[in-house]
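Take a look at the letters that make up each chain.
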Amino acid sequence: MQPGTDEREWREDCAPRRVLEIFSTKWTSMILHTLHALHDGRARTGVLHRTLPGISKKMLVQTLREMERSGLIHRHVKGTVPPAVEYSLTSLGHRFVGLVDLVYDWGRQNSDALDLLQERPSSRRKAGD
């Protein structure tokens, strides 16, 4: 969609909506970033859980499954007892890391703008934090 395009042309399958759909849950971008920045592209489930404060195990597993179905990550089950599950970024996942980094860098550089936002009911951040 080009700047200035008539909004009536914003079909449900247009690129901007498809990008935002991927990040409709905050955990997708955070998992991509964490895998890339902290774990060199691969990590086991428990390691991811420990490095993502605030995510429940249920939400982590649910998000990892969605990301696997989307082709952003690969799930590898090692034949150990008990089985060890490791997730790694796919080549597609690596392509999306750049977008996540841009957004996160913008947030770091514009934290004052984020502080000016009104509190949202769904936010865990409280005014004055």
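It should be emphasised that the depicted structure is a prediction, and the values quoted were computed from it without experimental measurement. (Residues numbered from 1 in each chain as written. Predicted model: local features only at pLDDT ≥ 70, side-chain atom pairs only at ≥ 80, totals over all residues. Heavy atoms only, no water.)

Our next topic: the packing of helix H2 (residues 26-39) against helix H4 (residues 57-70). Interhelical geometry of H2 versus H4 gives an angle of 80° and a closest axis separation of 10 Å. Of the possible angle classes, the one that applies to H2 and H4 is roughly perpendicular. Mapping the contact onto sequence places Trp27, Thr28, Ile31 and Leu32 in H2 and Met59, Leu60, Thr63, Leu64 and Met67 in H4. Considered class by class, the residues forming the contact of H2 with H4 number seven nonpolar, two polar and no charged. (Axes fitted to C-alpha atoms, helices over the stretch in contact; angles between N-to-C directions. Helix = DSSP H or I, 4+ residues; strand = E, 2+ residues; numbered from the N terminus. Parallel < 35°, antiparallel > 145°, perpendicular 65-115°, else oblique. Contact = heavy atoms within 4.5 Å. Nonpolar A, V, L, I, M, F, W, Y, C, P; charged D, E, K, R; others polar.)

Here we come to H2. Taking 1.5 Å per residue as the helical rise, H2 with its 14 residues ought to reach 20 Å, and the 19 Å between its terminal C-alpha atoms agrees with that figure. Considered for burial, the residues of H2 that qualify are Trp27, Thr28, Ser29, Ile31, Leu32, His33, Thr34, Leu35 and His39. (Expected span 1.5 Å × (residues − 1). Buried < 20%, exposed > 50% of the residue type's maximum accessible area, 1.4 Å probe, protein only.)

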